[in-house]
Every structure is written in structure tokens, then in C-alpha cells.
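# Residue-level structural notes
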2 protein chains.
Amino acid sequence: MSRTTTDLDALAAALRAAIGADRVISDRQQLRTYECDGLAQYKVIPALVALPADAEQCAAVVRACVAAGTPFVARGSGTGLSGGALPRADGVLVVTSRMRDILEIAPDDERAVVQPGVINLAITRAATPHGHYYAPDPSSQQICSIGGNVAENSGGAHCLKYGFTTNHVLGVELVTPDGDRVRLGGRAPDAPGYDLLGAFVGSEGTLGIATEVTVRLTRLPESVRTLLAAFQTTDQAGAATSAIIAAGVVPAAVEMMDALAIEAAEAAVHCGYPPGAGAVLIVELDGPEPEVAAQFAQVESLCRENRAFEIRIAADDAERALFWKGRKSAFAAVGRISPDYIVQDGVIPRTALPEVLRRIGELSAERGIRVANVFHAGDGNLHPLVLFDAAVDGETVRAEEVSGAILDLCITHGGSITGEHGVGMDKARYMPRMFTDDDLDTMQLLRCAFDPDGLANPGKVFPTPRLCGEVPGRHKGVHPAQEAGLAEVF
Amino acid sequence: MSRTTTDLDALAAALRAAIGADRVISDRQQLRTYECDGLAQYKVIPALVALPADAEQCAAVVRACVAAGTPFVARGSGTGLSGGALPRADGVLVVTSRMRDILEIAPDDERAVVQPGVINLAITRAATPHGHYYAPDPSSQQICSIGGNVAENSGGAHCLKYGFTTNHVLGVELVTPDGDRVRLGGRAPDAPGYDLLGAFVGSEGTLGIATEVTVRLTRLPESVRTLLAAFQTTDQAGAATSAIIAAGVVPAAVEMMDALAIEAAEAAVHCGYPPGAGAVLIVELDGPEPEVAAQFAQVESLCRENRAFEIRIAADDAERALFWKGRKSAFAAVGRISPDYIVQDGVIPRTALPEVLRRIGELSAERGIRVANVFHAGDGNLHPLVLFDAAVDGETVRAEEVSGAILDLCITHGGSITGEHGVGMDKARYMPRMFTDDDLDTMQLLRCAFDPDGLANPGKVFPTPRLCGEVPGRHKGVHPAQEAGLAEVF
């Protein structure tokens, strides 16, 4: 049912009364600013935008939405790549960008407490004078918010060694889908009761809105060394990656780019990678100096054994930054060599890398669609960039087919349809390829328990926005005797 | 309501039909074997015991219980210390000890797939020839089952560096409380959808029974070095611990024992710790040899700076085993110096160690109850052993008061009522001291979603076994307009 103008006016008035007129946007032109997140192929203008200043205001916004029966979608910086923060035309977009205070930096306990709108890199900047940093480093770390990172369980190049957002979040205060404020987790390493924190991290706004996040701070490594190795083929680079991991080295990062990705990066940022490379690896080690020194030598010789034809070792921070510049700009850079592209995100077991890359090459050749490959090779997280020209008849469809076929490859190799970008709006339709109905129903149990009315980011994550009453519950018949018996503990 | 003999006979017959007569126990004497777990002060004889041979049989047992409205409790090896596997007199105990196959050891992917009854140490034994092991190491690792470890999210001495069970479980197949078989997680590092795996690990049998567990294997370290440092006081040992962590060293383990714990260990296993020590630290480093060598020297000098009066470095595996023997036998050893004792388990921020130890000393003196302290000093996980003699009038009560007061200390210092032993039956009553009603209701939402009839391990984890209908749901009113609107995604 579509909402009437009167309904919306009443909700806007309720929101203004609750959090102040300057924190509610209803002007159509201003609303357009929020029509998409980082996945720009989908655009929806929200009915209203609310910018709460604190947790209590955030709860007030949610309660007003619940009272009006209006869906709401949370948004941090809007850099997500799966459409997780795509607005609803009939809903309120709750933007956390005015909740941007770092509340505590506690280096002794290796903890920081921040509001959800705080930028990822700002935590590191605040912690660095104390000898610490915040480890998860999505490419968008200069602009993405920690609240968005929590929603999408964001990764980054250094997650091979350090893990994803979920490994660095110790506690969250949130507003539940009915407007209650609760805490999950805390400072202690293993809180009793259910670890709902783990379920909340990566729940993409469907279980509530984080209003305060306690994160783990990581000690700055004593030493960081980076090398760039050029190979003739991705197979050789893949074999080098496997050899490094098999040797028991856990690099901070192992990143791979293929020839097309290198070509794009050169065109965009002139990173000066070795000419003629069919693949480059960037391998970074960090940790105590004696360990890094010993393992770095080992990595270098494993690259040579696997036929690297050129190895460069970063002499200083400037050269290290140049190695990374090519890699970190790769997504945007393909815009230089293709009018349109899809950033794909999938995971395979590391051991399946060579076979999956060959199959991607075959798919590309069969369908006449170029695919540039950029990936976190160490943990098998692929980011194929599927290139196309929307102006050419049929190319968009073929590109989407190749992109989908790559996800199928990931699934058939025992991997996953997303490594770090989330399901969002974009991949909800792929969920049944990865999970059985029973598995999805089990997840839906949690969503329905938190949000039986389906107001919190409906249409995201799960394929069919079915009503909670339709979910086959665990409740297959009431046993009055048992219900009475529950009061006896023994 | 108590169950009649006829009801029980019918259920026993249904179970025998489903899984075979030799897998169901109803003889009172045989049932007595299962009357408690590692927390022997509580004893309850179960109505029936079922020993399913595989996942399908396990599901059949649960379905039979559901059909009969009978509660069920899962049990692995029964070594838990919080009474999580304490039977119900009116219920079925589902014992996983006949599901003991290691299904797969995949060293290349660093994964093992095992049945729930597999013993913790058996995974390491199977993985060692491939250069790997299973990292979480509870003191009971020679007899505890992986299913029980998953239920309780077990820890161990080496969790400081390697994390708890939850950090090493990648996927679980389980039977839900209504008898469905579902999978949570998998081999890929970051599965899409809700991370219910994290909530399942540590759910103490209240969300279902694990029937297959996929765990991470860890590469055997190149080098392991262990030292034992003796101090006059626990304050000095605590200061040394803080100095080690502050220096950025992450030891595999930092274990502390105070004078009374040392006395008990000496009496029991003659471990030969330095005479006159008010506290000993065992510090173990593992990893690549150059790192271990450099950091070991650093640890040694930090112990000396903090006034260790004797430092012993394990010359070989035999001496290393002797250092650990005293520590690992400590719980049982206090039986040599006290007729009765309570093993407490709590967590505090590492920085609060000296203050909390002083307060424990004061409590002990005030109430005339001796307390031996054994703990994972590196991560602030205390195991105070509260000693008493049940034959002396009033001592039991005073010991329980001291034990409870120690938990209060943990809470007021921002810690937790359990570090690794779980809530189980024993600590359910302390949950309201740590969580608000809203926090507990939020957890209860999950339990009710999975198990609305309250048949899966009722009476454990949560303080009041309240009926799911009484939990204030997130559902505070139905909005027909919204329900209709759910079908429109935008």
C-alpha cells in the first residue's frame, strides 16, 4: 500500500517534534542526495531523511516510524557496494552522519568507543599517538563510517591476517526495530548468554541501528615490509600465494591483480608496475622486526621459485604507498578502460584459485565480456570487475550473466556469494543458491523475532520479503503439559 | 506437571523404535551414571538417556521429545563446570558420545570436519602428522568433546593468543529444537546472512544440538619456549604481566598461580616450583623462531625488572610439561588442602588485576574463607578456588557468599561472570546482575524463536524459565497497512 501525503506530513511533523526541525529533510531536491549508496545502478528517493544527533534521538526516530507503520533504512556514509543502504520510497532514511564523536580511546585496554558515524580512518588517527590503530581497512576507509562497517561486516586488504569487522567489534549499543535501546557484547572477551553481537554485525540494518560501537584497537606493528612481484601468468602468482601460505607465513596482505586490472590502474594512476606483467602480487608483512625480516626473505624466494620475473621491495613509505595506490584505485580505474562495469565480490577456498580463474577466463571468452581480476588472494576473496558498455545492445545482460555465473562458480567451489561487500539489495536473489529453505528460514526466525512487522530495512539480505506469520516457526504445536512444566527447573 | 510412568514408557518405546533398543537407557542404575557433569554439587537423574549414532538419529530423538512434549538436554563428555549438561528429572539426556568420527582432515584448507562426540585432543592428534593442531585447549582436553566445547564456547590457557572456541568453529550442522537439520556457517570466512553460528556457539544446548562441526586447524608453531618466573607477591606477577602485554608481546599463554594454589599443586603433583614463591607466572611464546627468540629475551628481562626472584627456562619438552603439570592439575589439587571447594570463573579487564586480587584477599580475610587463585592472567580470566569444609557449620554458606562476591567484583570492574566455563545451571541467577531486563529479553527473543516450547535445555543460562508468550516481543501492535506494504520492495 502506498503512503498518502497526509501520512507522510504527519510523520515528518512527529520526527521534527522528536529531534528538531533541522534534523529532518523532506525537500525533494535535498532528498535526492540520498538516492543511492556506492552501488549506483539502483536509485530510490526516500520519503524522508532523519539525522539524529544521539542514541536517544535515533530511538525516537525509530519509535515514530513504528507508530506510523513506516519502514526505515539506516545509512552511514553511503559507500556500501551491495545497496544495503538503498532507501525505500515509502520509508525514512536514518542517517548517522551527525553521530560522529569518538567517545573514548583506551590504549591500555586496547579499546575505543565511538559513535556510528565516525569515519573508519578517524579511529586510527585518534589511536596512532597511543601506538595503536583500528585494523579493518576497506578501500573506502577515508570516508566509510564504522556503523556501516558493522552493518556490512566490512573487510579490507589486511583482513587476511587481522580478520573482518566482526573480529574487532566487542560491543554495540543499538536501537532495536521497535525502538528499544539495548547493549550486545561489551569489553570483556567472552560475555555470557547468546552472542547476538556476532549476528548483529553483518545484519545490514535488519536487526536495528548501532548507536555506539566498542572496537578493539591493535598495536601498531614494529615493522612493515612490502614487495611487489610481477609474473607472466595469474597461475604463477596463484601458485606463489599458495606456497607462501603453505610455508606457514601469515602476511598482513596478499593482493593480486591480473593484466587487465594492471592496465586500468596504469591508465588511471600511473603506478609504474613492471611492464608486461600478466599478474602482480603485493605481499605485505608486519610484526616484530626479527619475524618480518626472516619471513620476508622467505616470501621473496618463494616468489622467485614460482617464476616472478621482477620483484620490487618498497624502500620507504613513499614507494610502499605507490604499490598500494595501483591496487586501491583499481575499482575506480576500470572506468578508464570501460564505460560501465560491475564490481563482483565472491569467495572461494584458496586452493581453488587457479581453476576458478581459468573458468572466469573461459566465461569471458565465451560471452565476449572482459573481466579484470583484483583480489585478496590470501583469503580467496575475488573482486572480478566485469566490463561492459551499456550503449551496446545486449552487453548489459551478458555482463550480468557473466557476473552471476562467477558467483555460481564460487558456490560450486564451496565458497560464498560475498566476501566483504554484503548481500544488501543486490545479492538477495542469490541467497537461495547458497542456502537451503531450512537454512534461510532459520535466519528469518531471528529477523522475525527482532522485527515481526518487517520495518527495518525490508527487501535487503533475504530474497522474498515474506511476512513473519508465513515463516514456518519452530512452534509445531503447543503442549500444555510442557508449558506448565516449564516452571519446574528439575 | 510431572510425567507419568506411562508417558515415559511410551516415549522410551518411541525412542527405541527410532534409533534402536541398545541406544536407549531407562534402567535406574544405569541412568545414575549421567546424574551430573563436572559441577558435581548438583545431581539429577534423567528420565531417559538416548545415545544416537548419527545426525539423523539425533534428529529423530529430538522429534520424539517434541512429539511427547518432553524436555531434552544434550551432553558430550560431561566435563563442563557450570552444570550446562545437568539432566532434567522429567527429560531425555541426549548423549553424543557415539558420534565420534573424524570425517575430514584438510590441512591445505586448514579445516577439519568432526562429529560432536570427538574428543578435543583427538583432533590435534589427527592433524599433527599434517603439521597442524586444534588450538583451543581447555584443561580437560584429553576427555572433553568438541560438541561440549561448542556448547560452552570453551577456552583454555592458550586462548590469550588464539581465541576461544568461537574463533575456531567455521560451521556447524545442528538439530534445531523442533528436530530440523540445518547448517550454520561453512568453510568460507565470511558467510552472508546472519551469523547465527556465533550465537549458536556458547548457547549451551538451548538452540539445538550440534551434529557436525567444521573447525579451523592451526599450523604447529616452529618454536615454543616456556619460562616459569617466581615472585614474592601477586602484585609483582601482575605488574610483570601488564609490562609484557604493554610491550606488545602476545604470548601464547600467561598463567598465574598464587601461594595457596602453588601449595595445593605441590601437595598433589610435586611440580617443584621455586620454594617461597608468593606467585608464579608461566609464560609461553610460540611462533617463528626469530620472533620467539627475540621476544622471549624481552619477557625474561621484564620479569626481572618486576622483581622475579627466580626464572626457570624449560630446557626440553619434559621440563615444559612439568611447568604445566602444576598449573593444569591445580583445580583438582586443591582437594589435597581442602575437603570442599568451588571453582569460580570470572573476567576482569587486565588493568584491574591488582585491585581485584587485593579485594579478593580482603573478602577472604573478612569471611574466614581461604581462596586460592589460578588464572589466565593475560586475558584477565580469573579462576579463584574458594575452599571450605561442608562439615563445618556455616562454611558452605560463607564460601558461596565469597564466591558470589567475587563475581560482583568482576561485574563492577567491567568484566564478566564467566570467562570460559559458561553460565549453565550454576550462574543463571547471576545474569540479572550483568544484564538489564531489556538485554535479557533481547536474548530471550532468540531462544523463543528457536524453541517456543522451551524444550531445549530449559532452566539453563537464563534466570527465570519464563514462557515465551510472556517475553515482551518486539511486536507492539500490528499495522495492517504495513503488512500489506511489505510486498512492495520499493
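Residues numbered from 1 in each chain as written. Chains lettered and ligands numbered in written order. Predicted model: local features only at pLDDT ≥ 70, side-chain atom pairs only at ≥ 80, totals over all residues. Heavy atoms only, no water.

### Observations regarding the overall build of chain A
Inclusion rule: A run of DSSP states H or I qualifies as a helix once it reaches four residues; a run of E qualifies as a strand once it reaches two. Both are numbered from the N-terminal end. Atoms considered for the radius of gyration are the C-alpha atoms alone. The globule rule reads 2.2 Å times the number of residues to the power 0.38. Only protein chains enter the area calculation, which uses a 1.4 Å probe; residues under 20% of their type maximum are buried, those over 50% are exposed, and those in between are partly exposed. For the accessible areas, the method is Shrake-Rupley and the probe is 1.4 Å, while residue cover comes only from the protein chains on display. Within this scheme the basic residues Lys and Arg register as positive and the acidic residues Asp and Glu register as negative, but His and the chain ends are omitted. For this purpose, a charge sits on NZ of Lys, CZ of Arg, CG of Asp or CD of Glu.
In terms of helices and strands, chain A carries 17 helices and 19 strands. For chain A, the C-alpha radius of gyration of 24 Å lies close to 23 Å, the compact-globule estimate for 490 residues. The principal-axis extent of the C-alpha atoms belonging to chain A is close to 70 × 60 × 55 Å. The proportion of buried residues among the 490 residues of chain A is 61%. For chain A, the computed accessible surface area is about 17000 Å², with 51% contributed by carbon and sulfur atoms. For chain A, the distance from the average position of its 42 positive side-chain charges to the average position of its 62 negative side-chain charges is 3 Å.

### Quick notes on helix 10 (residues 289-305) of chain B
Filter applied, for reference: Expected helix span is taken as 1.5 Å per residue step, with the number of steps being one fewer than the number of residues. In this description, one arc is meant: the one made by directions from the helix axis to the C-beta atoms. Only heavy atoms matter for contacts: two residues are in contact if any of them lie within 4.5 Å across the pair.
For helix 10 of chain B, which comprises 17 residues, the first-to-last C-alpha distance of 24 Å matches the rise-based estimate of 24 Å (1.5 Å per residue) to within 8%. Inspection of helix 10 of chain B places B:Glu291, B:Val292, B:Gln295, B:Phe296, B:Val299, B:Leu302 and B:Cys303 among the buried residues, and these make up the whole buried set. Seen along its axis, helix 10 of chain B keeps its buried residues to an arc of 130°; they face one direction. In this structure, the buried side of helix 10 of chain B is in contact with helix 10 (289-305) of chain A together with strand 12 (223-231), helix 8 (234-246), strand 14 (279-287) and strand 15 (310-313) of chain B. Just downstream of helix 10 of chain B lies B:Arg307, where phi reads positive at about 75°.

### Examining the sheet that holds strand 9 (residues 181-185) of chain A
The pairing of strands in a sheet happens through backbone hydrogen bonds and is either parallel or antiparallel. Residues and elements named next belong to chain A. Under the convention used in this document: Note on pairing: two strands pair once DSSP finds at least 2 bridges between them. Interaxial angles span 0 to 180 degrees and are taken between N-to-C directions of axes, which are lines fitted to C-alpha atoms, for helices over the stretch in contact.
Across the sheet, five strands lie side by side as 5-6-10-8-9; this open sheet has antiparallel pairing. The sheet is open, and its two edges are formed by strand 5 (102-106) and strand 9, each paired on a single side. When the angles between neighbouring strand axes are averaged without regard to direction, this sheet yields 10°. Both strand 8 (residues 169-175) and strand 10 (residues 209-216) contribute to a ladder of six bridges, which runs antiparallel.

### Observations regarding the packing of aromatic side chains
Put simply, the test is: Note on aromatic pairs: the rings of Phe, Tyr and Trp (six-membered ring only in Trp) are paired at centre separations within 6.5 Å, and the planes decide the class, stacked below 30 degrees, edge-to-face beyond 60, tilted for the rest. In this scheme, Lys NZ or Arg CZ marks a charge over a ring once it lies within 6 Å of the ring centre and within 35 degrees of the ring normal.
For the structure shown, the criterion picks out four aromatic pairs over all chains. When the ring centre of A:Trp324 is taken as origin, the NZ or CZ atom of A:Lys328, which lies over that ring, is 5.6 Å away.

### Examining the pairing of strand 18 (residues 371-376) of chain A
Residues in a regular strand point their side chains to alternate faces of the sheet. All names here are of chain A. With six of six residues buried, strand 18 is to be regarded as a mostly interior element. Of the two faces of strand 18, the one carrying Val371, Asn373 and Phe375 and the one carrying Ala372, Val374 and His376 are both buried. Where strand 13 (residues 253-258) and strand 18 come together, three bridges link them in antiparallel fashion. Within strand 18, the position partnered with Met256 by the bridge is Phe375. In this sheet, strand 19 (residues 381-388) lies alongside strand 18 in antiparallel orientation, the contact comprising six bridges. The residue bridging His376 from the neighbouring strand is Asn381, located in strand 19. Hairpin connection from strand 18 to strand 19: four residues lie between these consecutive antiparallel strands, with Gly380 at a positive phi of about 70°.

### Quick look at the side chain of B:Asn381
Among the structural elements, B:Asn381 can be located in strand 19 (residues 381-388). Judged by its relative accessible area of 2%, B:Asn381 is buried.

### Notes on the domain arrangement of chain A
All names here are of chain A. Rules: Note that the domain bounds were set by an automatic or database domain assignment. Counting of polar contacts relies on pairs of N or O atoms within 3.5 Å, with two restrictions inside protein: one atom must be capable of donating a hydrogen and the other of accepting it, and residues adjacent in sequence are counted only when both atoms are side-chain atoms.
One can read the domain layout of chain A as domain 1 (5-95), domain 2 (102-219), domain 3 (221-333), domain 4 (338-423) and domain 5 (435-470). For domain 1 versus domain 5, the distance between C-alpha centres works out to 22 Å. Listed per partner, the contact involves twelve residues of domain 1 and five residues of domain 5. On inspection of domain 1 and its partner domain 5, the count reaches five residue pairs in polar contact (both at pLDDT 80 or more).

### Remarks on the sheet that holds strand 1 (residues 24-25) of chain A
Residue and element names in this part refer to chain A. Strand order in the open sheet made by the four strands is 1-2-4-3, with mixed pairing throughout. Each edge of the open sheet is held by one strand with a lone partner, namely strand 1 and strand 3 (72-75). Bridge analysis of strand 2 (residues 48-50) against strand 4 (residues 92-95) gives three bridges, and the strand direction is parallel. Within strand 4, the residue paired with Val49 across the bridge is Leu93. Seen against the sheet, helix 1 (residues 5-19) touches strand 1, strand 2 and strand 4 and runs at an angle of roughly 10° to strand 2.

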